[in-house]
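Report on the structure
Now for the letters of each chain:
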Amino acid sequence: MGHWWFRNIVEPGKLPLLLALLSFVTSFLVTRVITRMIRAGRGPFKNITPGGMHIHHVVPGVILVIIGGFGAVGSARHGFGAALSAVLFGLGAGLVLDEFALILHLDDVYWSEQGRKSVEIVVLTAALVALVLGGFVPFGVNDLTAEERQSRGLVAMNTAGNFFLALIALWKGKARTALFGVVIPFVALIGAIRLARPGSPYAKKFYANRPRARAKAGLRAFHHDRRWAMPRRKFENFIGGTPDPERAPLEKPPAP
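My aim in this report is to walk through the structure given alongside it, one point at a time. (Residues numbered from 1 in each chain as written. Predicted model: local features only at pLDDT ≥ 70, side-chain atom pairs only at ≥ 80, totals over all residues. Heavy atoms only, no water.)

**Observations concerning the overall build of the chain**
For the record, the criterion: Only DSSP runs of H or I reaching four residues or more are called helices, and only runs of E reaching two or more are called strands; each is numbered from the N terminus. For the exposure calls, accessible area comes from a 1.4 Å probe over protein chains only, and a residue counts as buried if that area is under 20% of its type's maximum, exposed if over 50%, partly exposed in between. All accessible-area figures derive from a Shrake-Rupley calculation using a 1.4 Å probe, and residue coverage is judged against the displayed protein chains alone.
Scanning the chain from terminus to terminus reveals twelve helices and zero strands. Each helix and strand of the chain, ordered N terminal to C terminal, gives the series α-α-α-α-α-α-α-α-α-α-α-α. A burial count over the chain gives 30% of its 256 residues as buried. Carbon and sulfur atoms make up 68% of the accessible area of the chain, which amounts to about 16600 Å² in all.

**Comments concerning the side chain of Arg32**
Selection rule: Contact between two residues is taken to exist if any of their heavy atoms lie within 4.5 Å; hydrogens are not considered.
In this structure, Arg32 sits in helix α2 (residues 15-40). The exposure class of Arg32 is buried, given its relative accessible area of 3%. Every residue in contact with Arg32, bar those within four places of it in the chain, is listed here: Asp98, Tyr110, Trp111, Gly115, Ser118, Val119, Ile239 and Gly240.

**Thoughts on helix α6 (residues 116-133)**
Keep this limit in mind: Helix span, as expected, comes to 1.5 Å for every residue beyond the first.
Its 18 residues place the ends of α6 26 Å apart at the C-alpha level, agreeing with the 26 Å of an ideal helix rising 1.5 Å per residue. All of the buried residues in α6 are Arg116, Ser118, Val119, Val122, Leu124, Ala126, Leu128, Leu131 and Leu133. At its buried positions, α6 is contacted by α2, α4 (80-98), α5 (100-105), α9 (175-183) and α12 (211-240).

**As for the packing of α2 against α12**
Rules: Here an axis means a line fitted to C-alpha atoms, over the contact stretch when the element is a helix, while the angle between two N-to-C directions is reported on a 0 to 180 degree scale. Here the word oblique covers every angle except those under 35 degrees (roughly parallel), over 145 (roughly antiparallel) and from 65 to 115 (roughly perpendicular).
Packing of α2 against α12 leaves a shortest axis separation of 9 Å and a crossing angle of 80°. Taken as axis vectors, α2 and α12 run roughly perpendicular relative to one another. Taken together, the residues of α12 that come into contact with α2 (itself represented by Phe28, Arg32 and Arg36) are Asn237, Phe238, Ile239 and Gly240.

**Some points on a positive patch on the surface**
What counts, and what does not: Each patch is built from residues lacking any salt bridge and having more than 30% relative accessible area; the joining distance is 9 Å for like charges and 5 Å for nonpolar side chains (Val, Leu, Ile, Met, Phe, Trp, Tyr). Between Lys or Arg on one side and Asp or Glu on the other, a salt bridge is scored when a side-chain nitrogen of the former is within 4 Å of a carboxyl oxygen of the latter. As used throughout, the charge tally considers Lys and Arg to be positive and Asp and Glu to be negative, leaving His and the chain termini uncounted. All charge positions are set by atom: Lys at NZ, Arg at CZ, Asp at CG, Glu at CD.
A surface patch of like charges, here positive, comprises Arg194, Arg212, Lys216 and Arg220. One can find Arg212 in helix α12.

**Brief notes about helix α3 (residues 58-73)**
Heads up, the rule is: Of all possible arcs, the one meant is that of the directions from the helix axis to the C-beta atoms.
The terminal C-alpha atoms of α3, which comprises 16 residues, lie 22 Å apart, in line with the 22 Å expected from a rise of 1.5 Å per residue. Regarding α3, the residues found buried are Val58, Gly61 and Gly68. What you see down the axis of α3 is that its buried residues fit within an arc of 90°, all on one side.

**A few points about a nonpolar patch on the surface**
A cluster of nonpolar side chains, contributed by Phe186, Leu189, Ile190 and Ile193, occupies part of the molecular surface with about 410 Å² of accessible area. Mapped onto the elements, Leu189 comes out in helix α10 (residues 185-193). Residue classification places Leu189 among the partly exposed positions, given a relative accessible area of 36%.

**Let's talk about the packing of aromatic side chains**
Applicable threshold: Geometry of aromatic contacts follows a simple scheme: Phe, Tyr and Trp rings, the Trp one being its six-membered ring, pair when their centres are within 6.5 Å, and the pair is stacked under 30 degrees between planes, edge-to-face over 60, tilted otherwise. Two thresholds decide whether a charge sits over a ring: the Lys NZ or Arg CZ must be within 6 Å of the ring centre and within 35 degrees of the ring normal.
One pass over the structure, following the stated rule, counts five aromatic pairs. With a centroid separation of 4.9 Å and an interplanar angle of 85°, the aromatic rings of Tyr110 and Trp111 are classed as edge-to-face. On the basis of relative accessibility, which here comes to 11%, the residue Tyr110 falls in the buried class. With relative accessibility at 18%, the residue Trp111 sits in the buried group. Between the aromatic rings of Tyr202 and Tyr207, the centroid separation amounts to 5.9 Å while the plane-to-plane angle is 85°, which identifies the pairing as edge-to-face. Judged on exposure class, the residue Tyr202 and its partner Tyr207 are both buried. Pairwise contacts between aromatic rings join Trp171, Tyr202, Phe206 and Tyr207 into one cluster. Cation over ring: Lys172 sits above Tyr202, and NZ or CZ is 4.8 Å from the ring centre. Cation over ring: Lys205 sits above Phe206, and NZ or CZ is 5.8 Å from the ring centre.

These results come straight from atomic positions and should not be treated as a statement about function.
Spelled out as structure tokens, the structure:
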């Protein structure tokens, strides 16, 4: 175990990345536990409201990300400084992405349906970092042999090809497939050759005069969402808490 740890983590300089990932996940989970306790009115935790202004935890998260990021840039991959900077960056990133939906919508949507985006982006980020930590290099460079990597032309062509496949998958409305396809090229290839999702830019451009393709894409998207929507919602509720029920907008009084 010690030999594996040194050869795969310490020697390649992946220890800061591992510490950043662990602190990132820990920060997010601890933050969600505390916010759920505050929401339920349990425990000693309270919202921070100096002068009546609610300070969201994205604020200390941004500060920690800045400190950890600049610390990582100014230190080597090996050493205490790099490890400390990675931990600070991971803690800050967990706080920031936990309120990703707030940043996206510029509104306090933490416990709303829109707030689910924060949980989803955290899970995607953790999965992508874990893949990189496990040895997957973005754009499929790891698929090349040691001899092929010596040729800059082959590396550039491989990178451009996989990036192009990821862009096509994103164009077809498959954001998750495109993200994972950046790290795993085979996933991007599947997203690029399959039918686009209804409402995507690709579907609007190429399916407008193809009713059969448009109907097939809509049916496939319906079955996919029907199969995976409920398990994904349960998983997100388990991690981030159940969102507040949507309230119907109040009717405006009739004008005099």
